[in-house]
Amino acid sequence: MDIRLNGGMPGMPTIPPQLPLLLTMLGAGAALFGLLLLFNEWLLRWLVAGIFLVIGGLLLIVAWRAKRMLG
């Protein structure tokens, strides 16, 4: 089996060169956001409430459209 060291395995896609930087930025952002939530517990309360408001609103919209479709 021929393995090219520069391109990886034949037929397999190569890793994009920006992937390590993207993962580093996402990881650092998640860590900073976790620290922010650790010191501001009220922010966590507002985030959870906002998520439930968005999910509830989406469910209401779907229910209203389903009701209109059924007549």
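Above this text sits the structure in question.
Residues numbered from 1 in each chain as written. Predicted model: local features only at pLDDT ≥ 70, side-chain atom pairs only at ≥ 80, totals over all residues. Heavy atoms only, no water.

Draft legend 1. Up close: the overall build of the protein chain. What the protein chain contains, in helices and strands, is two helices and zero strands. For the protein chain, the residues scored as buried account for 3% of the 71 residues in total. Carbon and sulfur atoms make up 76% of the accessible area of the protein chain, which totals about 6,900 Å². (Helix = DSSP H or I, 4+ residues; strand = E, 2+ residues; numbered from the N terminus. Buried < 20%, exposed > 50% of the residue type's maximum accessible area, 1.4 Å probe, protein only. Areas by Shrake-Rupley, 256 points an atom, 1.4 Å probe, with all protein chains shown as cover.)

Draft legend 2. Representation of the packing of helix H1 (residues 19-39) against helix H2 (residues 41-70). Direction vectors running N to C along H1 and H2 enclose 110 degrees, while the axes themselves pass 5 Å from each other. Put simply, H1 runs roughly perpendicular to H2. Contacts between H1 and H2 involve Phe33, Leu36, Leu37 and Phe39 on the former and, on the latter, Glu41, Leu43, Leu44 and Leu47. (Axes fitted to C-alpha atoms, helices over the stretch in contact; angles between N-to-C directions. Parallel < 35°, antiparallel > 145°, perpendicular 65-115°, else oblique. Contact = heavy atoms within 4.5 Å.)

Draft legend 3. Region of interest: H2. Counted at 1.5 Å a residue, the expected span for H2 with its 30 residues is 44 Å, and the 44 Å between its end C-alpha atoms agrees. One or two residues past the end of H2 sits Gly71, with phi positive at roughly 105 degrees. (Expected span 1.5 Å × (residues − 1).)

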